[in-house]
Each structure stands twice: as structure tokens, then as C-alpha cells.
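Topology and contacts: notes
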Amino acid sequence: MASLRLIIEDGHFKDARGRHVLLRGINVAGDAKLPSQPDVPSHVARDFFDGDNVKFHSRPFPKEDAHMHFSRLKRFGYNTIRYVFTWEAIEAAGPGRYDEVWIQHTIDVLRAARDYGFYIFLDPHQDVWSRYCGGSGAPMWTIYACGLNPQSFTATEAAIVHNTYPDPESFPKMIWSTNYNRLAAATIFTLFFAGRDFAPKCIIDGINIQDYLQGHFVRACEHLAKRIHEAGDMENDIVFGWESLNEPSRGMIGHVDLSVIPDEQKLKKGTCPTLWQAILTGSGRACEVDSWDMGGLGPYKVGRVLIDPHGETAWLPEDYDDSRYGWKRDPDWKLGDCLWAQHGVWDPSTDMLLQKNYFEKHPTSGGKLDYHAFTNTYFMAFYRKYRDAIRAIHKDAIMLCQPPTLELPPTIKGTADDDPRMVYAPHYYDGITLMTKKWNRTWNVDIFGVLRGRYWHPAFAIKIGETAIRNSFKEQLAAMRKEGLDYMGNHPCILTEFGIPYDMDDQHAYKTGDYSSQSAAMDANHFAVEGALMEGYTLWLYSATNDHQRGDQWNGEDLSIFSVDDQTLPVSPLPRTPDLNQSTSSLLKAATAGSRKEVEDESSVTPGNLQRVLTTPSISSSPAGVNPELTNTPGYRAAEAFVRPAPIATNGPIISYVFDLKNCEFTLNINGTSVPSEEYPTMVFLPEYHFPKEQCTVAVSSGKWEISTDDEERTWIQKLRWWHGDGQQSLKVTGLVRPHNVLAGTDEEAGYLEQCQQSYGIDLKSCSVM
């Protein structure tokens, strides 16, 4: 068997030549969350509930456009793709009915990525279970299988869904994520992970709903893996691995008291019922619940709101016809009644909560089910089933294990689950910026430290000043990576999601072309990932249809690095010189034989790129912004902050690397090993935008180097090749310095900090903040 293109050795990724590989990637694409036929973005109600007939045949984009998208991403310096797909795309038509047209489209798109040299892993994506619960992921029929009626979620607030929101234009930002703590998603995730223990009456087709849901999900992914395997040229060369279910939730499992909001529920926005109140409103009862909003230091209560379903319930009616999907529900599972009432949690005749701690402990062992216990038991049982199914098809698959977001990883170090071909795949977002859609240069909060109990008071988690904020991000990610090593063993860590909202400050950048806030936030996040020495990352997000009016077309989010209403970063900031045949200013006096004379701009047609231009469309969609104010000043979308230099492959492990955007300096330190062959030196992606080779200087500790441009992976990119010796080696490249993110913190930001300090009764000016 040919050697694998990517392997894991001693907790690091290596290529077939033994060089250390940094996986620098992007999520492709946000469009995969939504069907293409009919085209139903999240703000559109039309055809929304026709969920059995949706098709994803053009997701994440038409295969005719694949080369354009992959070329663009390669030019940005990415070598890795987290390929987003949903269970709904495979099995929307009903249980066991797979969409072979979508599967073939997926294979065709993945095959198109081959020439670009991407490392690709597949992400079975979900958010709050399904589009019908306000997110993405599972087919509509799974909700009916659980005895719930998605068409009643709006009246009962079992889920807040953009498509059915009374005024989609005023849909509150980021409120979709609160659905994890509302009735629909909380119930379904409980059934998915622990239906056998907590809902034993929920039997469908002779098995518990837990096994029914997990079985269909795993078999759907297994079927896709089988088709990829049968394609014959995909495994390992193109697709190296599979990630587990995106952002799994424990639902109600482990809740100590259903009548109160648990301390660990940090996200509160809009109406915020307790799970007991959610159960009541889901059964048609009116309840007055707390309403919350999100401030700089987290949520704060703003009042009380009456949720009155007027007798409408979130459960399927007693006379619902289960023959629609062909399953047979056990007679003891009675439709028309709340399934939690059927399991003795509450009494509908008196509306009394009978077992407030029903989900607190494991019904058999009696062990307390905090989040870590959930991860070690129910999550790991599911993960093993998924892992084994994929590995039965793709035997060399690298499995990316993603436990619940921001929770402790599973305790598997030294056990049979301590798999040599496993990766720890956490997520991290700067929650303050994400929820407020504002980059505050004055202060931020160490969210990870707060969650881990490292401060006796949240006020001491405040980080003041942009340098402290950037360092705090880095320290949080480093701590996250260390937890993976401590709990899971010596495995690579890939941060498979992080990102920033582009529609900050009421879309100020779209009105002015000034992306300085986005640039600063994006640079701070990348500084953190680089400093934490994670073995890879995939930025959220690339969306082919993003525009200034609707963002990513999903729940008001706007995190895509690409928009049809913006420009892409120029290949070079300088005019082309007439003769690039001269050697670089390097210790290697002659250019390599394969170096090219000219770098082609993707916007121009030349004899050299004519065939590619004819076979690859240059425009996938036209700008779709409705409001001219949002489209008259297109910018580069802070590309200077995400198009950044990075190691591609190094002869020896990386000690440190960082890109200083403000001073346009890239530094790399490695524990070098001698280059085994002149053909395979250490390589660094060196974006020409920052480092035009006529205007950059290079300093190395030893050896020879060259800067050259090639299209050996179909797209012209500039690389620095470095032939060095053994031992600790250093490289420093200084490029073209230009002003970026130079805005200072505003008085408003500083003033709000003072208000927060006063509300805590602490004067942080007299405190030493670490």
C-alpha cells in the first residue's frame, strides 16, 4: 500500500516525507446548512415545512464553480478544508431514503479539490439539532419521530425559528443558540443520547428512540463513507478523516432542578424559560418567564414576558398518522401527551412538577451526571459507535473527536479509546464580540477561565487593553490544548471552529469600507491560535452566497471571509515587474528550474491561464445587496488579517511561529532536522500581498533559502523554501508595512467598562489584573 499522505506521529501531523505539517484551514461552506431546491434561507417562510422534498444538490456550491472557490481559498494560503454537510442532505426524504444525487455531487466537488492539494476532513454539522428547531442538521422526520410537532414550535416557543419569526427583519442576533435550552432541542438531544435511560417508553420500530436516531445518523454517515470508498480515488489522498457530530448537547441530562436555570447556563438572551416552564408552555400552558439581554460582561435580566400558546402544544396530536414515514410506534408511547409527563416527571392534571431532579443521576448506577460525566458516558458511547462505523469503511481514517463545546474533554488517556489516529477538535469563539457584534479594544473577559473557576469573582477575569486581550485569547487556547493532552492523551489538536462577525457596529464597514475593527478582531484570533501552538485550525467560515444584506443567509450570522458584495485581496500590492527571471536576494543564487516568470492575476486572461479561465467561472453569483448604502463601498473584508504567512511543512517540530500584522513580520522557530532531500525543504506560505519579494527581507539562522512562485497545486502562490541544518533554527521575514487596525479604543468602550466595574462594586484600577 502506498504511504499515507498525512499521518500522526507523536502527537503531530507529518507528510509522507516525514515533515511536520500545520493544517491551516477553513470551513467550506456555510451554504451546506440550507437546501438548494427549494432555496430556503433562514429568513424565508415559503416552503419551509416541505422538509421531505428538499434537495441539497448544489451545496456547498455548484460543482461547476468548485475550481473557482478552491482556487480562491488556495490563494489565501489554506491547505485544509473542513467540509460541512448535514444529515438532512443525505436522508431528508425519510428514514433510510438516501439522496444519491447529492452524494455524487459531493464526490465530484471533493474530487475537484484534489489538484489543489487540500487536506480534507468531513464535518457532519448540526446546530440546535435541525433547521426546524432553529438551526441546521437533522431531517425534519426526526422531529416527528420524537413525537414533536415542528409547526407548533413558534406558538409554544419550543424553538425560536428565523423562518417562522413574525418579523424576520428584527430577528434578534444570536438568539438561535438559546434553542439548546428550549423544549424541542433539549428533548431531542436527551432522547438521542440517553433515551433508553430517561425515556424507556419511547419505542419505535421495536427499538428505543435513542437507538433509532443514533442508528439512522450513523448509517447515513456510513453510507456516505461507503460511496466515497467506492469512488476509488478519494480516501487518504483527498479525504483524510471524519469529525464527530458538531457541537453535541446533553439536552436535559444532568440537570439538578428543572425549575431553575443552572449556573452553567451562561447563555441567556430573549425569553429564558426554565426547562420546567418550557415543558409547561410546550403543553399549551401560559407562563411568565424572565427575559434577558447580552451585555459586555454577559447576560442581564431586563424583565418578564408572558408566553401564552393559547392551548396549542408542541407535541403531535393523538390522531397523527405515523404511516407517513412507515414506522410503528409502541402503544405505550401515547401521542397527544407530553412524553415527560408519561415518564412521571410532572402531572398534567395538576400541573405539578413531581421529579425536579429526574435527569440529575444515572437511573441505573446512581452516579451524578454533570457535564463531564455526560461526556465520559453517553457522548463516548455514541462516539465509539460512529468511529467504528466509519473505520469499518475507511480503515485509515483519522477521527476528530469533538466533545461538547467548552466542556472538559473525555477522560480516555491510557484507555482503549486513546486512539493513535485521533484528533482533539474543540471550538472557541470570543463570546463578547460574537454576541455584541462589536470589537472592544479596551477590555474583554477570560471566558474559559471563568468557566473553569479560575477567578473568585468574574470581575477579575477582565482583561484591559488590546495586548492583554490578545494574550488572554492565546492563553485560553493554550489551556484548551493542554486539557486535550491531559485528558485524552498525546493527540494533535485542531481548533475546528473560531471566527468573527463581520457585521459589527451596525454594519459600519459595509457603509464605509472601513474594516479596521474586523481586521483587529481577526488578527487577535489568529495571534491566539498561532501562539497556542495548535496543530491546526479551520476558520469559520467561507460562504459562497454571503452578501451585505443577509450575511451568511442563516439566522442573521455574518462570519464569512468572502462576500459577493466585497472585493478579494489583490494578488500583489505592487505592479508586476517586466522581468521576474532574476534570482531572489537569497543565499541560493539560482532560482529553481521549475520557477515561473510571471504570476497571473486571477482577474486577467493570459495565454498561460486561458484554459483554466475557460473551464472555471470567474463569478459565481452577482452582488445581492438590496440597500445601496450597504454595497457602495466594497472592501477587502479584513483579508490582510486572515491571508497570513504560515508554515506549510517543516523539517522538525515547530517551537513557535507568529505573524505580526502591524509590523508585517513573520517569525518561525523550529527544532530542525537535516533536510533529507533537496526536493523537500521546509516550506512557508508567504502571501505576496504582505511580502512582495522585491520588498521583503529574510534572515535565517543557517542554510539557504529562496522565495519563488509556482502553481504546482493549480493556483499561483508564493512560497519560501528553506534548507537548514539540525538543532534550533529560526527564520524571520519582514515585508511591506502598511497601516492596519489603527483605531484606538473609544470613550464609549472605556465608559462601559467603568459601569461594569461599578456594578460589581470593585475598582479595577487599583487591582492587578493578570
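This structure is a prediction, so every number in the text was calculated from the model and none was measured.

1. Details of the confidence of the model for the protein
Per-residue confidence for the protein gives a mean pLDDT of 89; residues scoring 70 or more make up 88%. The model gives residues 574-625 a pLDDT under 50, and that stretch makes 84 contacts with residues more than four places away or in other chains. Below pLDDT 50 for its whole length, residues 751-770 participates in 28 contacts with residues either more than four positions away or in separate chains.

2. Describing unusual backbone geometry
Of note, the bond from Val28 into Ala29 is cis; its omega dihedral lies within 30 degrees of zero at -10 degrees. Its location among the elements puts Ala29 in the loop between strand S4 (23-28) and helix H1 (66-75). The peptide bond linking Arg59 to Pro60 adopts the cis configuration, its omega dihedral lying at 5 degrees. Inspection of the secondary structure assignment puts Pro60 in the loop between S4 and H1. Phi is positive for Val128, which is not a glycine, with a value near 45 degrees. Within the fold, Val128 resides in the loop between strand S6 (119-125) and helix H4 (141-145). Taking relative accessible area as the criterion, Val128 reaches 0% and is therefore assigned buried.

3. Remarks on the sheet that holds S6
Across the sheet, which stays open at both edges, the 8 strands sit in the order S16-S15-S9-S6-S5-S4-S20-S19 with parallel pairing between neighbours. Strands with a single pairing partner mark the edges of an open sheet, and in this sheet they are strand S16 (422-424) and strand S19 (494-495). Two elements, S6 and strand S9 (residues 239-243), share 3 bridges in a ladder whose sense is parallel. Residue Leu122 lies in a different strand from S9, and its bridge partner there is Trp242. Here H1 sits on the sheet in contact with S4, strand S5 (80-86) and strand S20 (536-542), set at roughly 130 degrees to S20. Helix H13 (residues 466-488) contacts strand S15 (398-401), S16 and S19 of the sheet and is inclined by roughly 140 degrees relative to S16.

4. Looking at the packing of helix H6 (residues 183-198) against helix H10 (residues 371-393)
Where H6 meets H10, the axes come as close as 10 Å, and the angle between the chain directions of the two elements is 105 degrees. Taken together, the axes of H6 and H10 are roughly perpendicular relative to one another. Where H6 approaches H10, its residues Phe192, Phe193, Ala194, Asp197 and Phe198 are matched on the opposing element by Phe374, Tyr378, Phe379 and Phe382. Of the residues contributing to the contact of H6 with H10, the split by class is 8 nonpolar, no polar and 1 charged.

5. A few points about the packing of helix H3 (residues 100-112) against helix H7 (residues 209-231)
Orientation of H3 relative to H7, taken along the N-to-C sense of each, is 50 degrees, at an axis distance of 10 Å. As the angle between them shows, H3 and H7 are arranged oblique. The interaxial crossing formed by H3 with H7 has right-handed handedness. Here Glu100, Trp102, Ile103, Ile107, Leu110 and Arg111 of H3 lie close against H7, whose contacting residues are His223, Leu224, Arg227, Ile228 and Ala231.

The rules behind each value
- Residues numbered from 1 in each chain as written.
- Predicted model: local features only at pLDDT ≥ 70, side-chain atom pairs only at ≥ 80, totals over all residues.
- Heavy atoms only, no water.
- pLDDT = per-residue confidence, 0-100.
- Contact = heavy atoms within 4.5 Å.
- Helix = DSSP H or I, 4+ residues; strand = E, 2+ residues; numbered from the N terminus.
- Buried < 20%, exposed > 50% of the residue type's maximum accessible area, 1.4 Å probe, protein only.
- Pairing = 2+ DSSP bridges.
- Axes fitted to C-alpha atoms, helices over the stretch in contact; angles between N-to-C directions.
- Parallel < 35°, antiparallel > 145°, perpendicular 65-115°, else oblique.
- Nonpolar A, V, L, I, M, F, W, Y, C, P; charged D, E, K, R; others polar.
- Left-handed = near helix turned anticlockwise from the far one by under 90°.

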